[in-house]
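# Per-entry structural report
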Amino acid sequence: YTLLVGNIGTQAINESLYRKLGYTQADFEPISMIADLPIALLASPSLKANTVGELVALARAEPGKVIAASSGVGNSTHLALEIFQSAAGVRFLHVPYKGGSQAMADVMAGHAGFQFNSILGSTGQIQSGKVKALAVASPARSPSLPDVPTMAEAGVADAEMASWVGILAPRGTPAAIVEKISADVRDVVAREDFRATLVEQGATARASTPAEFRATIARDSQRFAALIRRLGIQLE
């Protein structure tokens, strides 16, 4: 059987973002979630803000001047920024890069003030002090960064942005096969060694039934479709 490892971008954002995507969610059979990929607000060491509250105050003092990097227009890092701005009632200068590594490099160098980025892939920069983790945008603290507050704990409510990854099959895959693979995935995700490995990498294990995964995709698709419409973003 051919399976797909999809994420919040491929399964819940891109359908509203691109004019010509080539697929819809009806083309897939959700099998199981694998993990949540918490997104953190990562600031340059040179930024004159060490907390979310201080960053918000800085934005209010200098509206539209603090540079917020992202790894591209319309992706999860950009949408996390838009959600944060709306929730906090502030504006930053959004600078989209062609990829996450370029954005991270400029944040570390102080050319950009901060960015939202998945903890997965950023743990080395956080642990080495090359960036400051001010908050996580998930509902609960990340086991990978237990000392970093959530956005709500940092004083900004309704600024949640959660990414995830899961396994899907092509439309028409027999239900018995979908259920069998889902059960196997849930067994693996429940293993302590697997969960510990994910935490080390910056992710949080989360399995689901096919129905639960389908509901997650539908909920996030609806949320981001509304946000993308409001922002007026449309890509080819």
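Preceding this paragraph is the structure being described.
Definitions and cut-offs
- Note that residues are indexed from 1 along each chain, following the sequence as it is written.
- Where local features are concerned, this predicted model is filtered to residues with pLDDT of at least 70; where side-chain atom pairs are given and counted, the filter is 80 or more; whole-chain, interface and lining totals use all residues.
- Calculation of side-chain values draws on the structure's entire complement of heavy atoms; hydrogens and water are dropped beforehand.
- Numbered from the N terminus, helices here are DSSP runs of H or I no shorter than four residues, and strands are runs of E no shorter than two.
- Computation of the radius of gyration draws on C-alpha atoms alone. For the globule rule, the value is 2.2 Å times the number of residues to the power 0.38.
- Under the scheme applied here, a residue whose accessible area is under 20% of the maximum for its type counts as buried, over 50% as exposed, and between as partly exposed, the area being computed with a 1.4 Å probe on protein chains only.
- Angles shown run from 0 to 180 degrees and are taken between the N-to-C directions of axes, each axis being a line fitted to C-alpha atoms and, for helices, limited to the stretch in contact.
- A crossing counts as left-handed when the near helix is turned anticlockwise from the far one by less than a right angle, and as right-handed when that turn is clockwise.
- What makes two residues a contact is simply this: any of their non-hydrogen atoms within 4.5 Å.
- In the scheme used here, Gly and all other residues not listed as nonpolar or charged are polar, with Ala, Val, Leu, Ile, Met, Phe, Trp, Tyr, Cys and Pro taken as nonpolar and Asp, Glu, Lys and Arg as charged.
- In this description, a nonpolar core means a group of buried Ala, Val, Leu, Ile, Met, Phe, Trp, Tyr and Cys residues linked to one another through side-chain atoms lying within 4.5 Å.
- The span expected for a helix works out to 1.5 Å for each residue beyond the first.
- This arc is built from the directions going out from the helix axis to the C-beta atoms.

## Digging into the overall build of the protein chain
- Tallying secondary structure elements over the protein chain gives eight helices and eight strands in all.
- The C-alpha atoms of the protein chain give 18 Å as radius of gyration, which agrees with the globular expectation for 236 residues (18 Å, within 12%).
- Each principal axis of the C-alpha distribution contributes one length, and for the protein chain these read about 60 × 40 × 30 Å.
- When each of the 236 residues of the protein chain is scored for burial, the buried share is 47%.

## Things to note about the packing of helix α1 (residues 8–17) against helix α8 (residues 210–231)
- Viewed as axis vectors pointing N to C, α1 and α8 meet at an angle of 35°, and their least axial separation amounts to 8 Å. For the pair α1 and α8, the sense of crossing is right-handed. Here α1 contributes Ile8, Gln11, Ala12, Ile13, Ser16 and Leu17 to the contact with α8, which in turn contributes Ile217, Asp220, Ser221, Phe224, Ala225 and Ile228.
- Of the residues belonging to the contact of α1 with α8, the class tally is eight nonpolar, three polar and one charged.

## Let's talk about unusual backbone geometry
- In this model, Asp158 sits at a positive phi of 60°, which is unusual for a non-glycine residue.
- As for its placement among the helices and strands, Asp158 is situated in the loop between β6 (132–136) and β7 (162–170).

## Describing the nonpolar core
- Residues Leu55, Phe84, Phe92, Phe114 and Met151 are the most contacted members of the largest nonpolar core, which totals 43 residues.
- When residues of this core are traced back to their parent elements, those giving at least two are α1, β2 (28–43), α2 (52–61), α3 (76–88), β5 (114–118), β6, β7 and α8.
- The dominant element in this core, judged by the number of residues it contributes, is α3, at six residues.
- When residues no more than four places from it in sequence are discounted, the contact partners of Phe92 are Leu55, Ala59, Gly64, Val66, Ala68, Leu81, Phe84, Gln85 and Phe114.

## Details of helix α6 (residues 175–189)
- Here α6 spans 21 Å end to end across 15 residues, near enough to the 21 Å set by a 1.5 Å rise per residue.
- Along α6, the residues that are buried comprise Val178, Ile181, Ser182, Val185 and Val189. Considered in projection along α6, the buried side chains sweep an arc of 105° and stay on one side of the axis. In α6, the exposed positions that point more than 90 degrees away from the buried face belong to Ala176 and Asp187.

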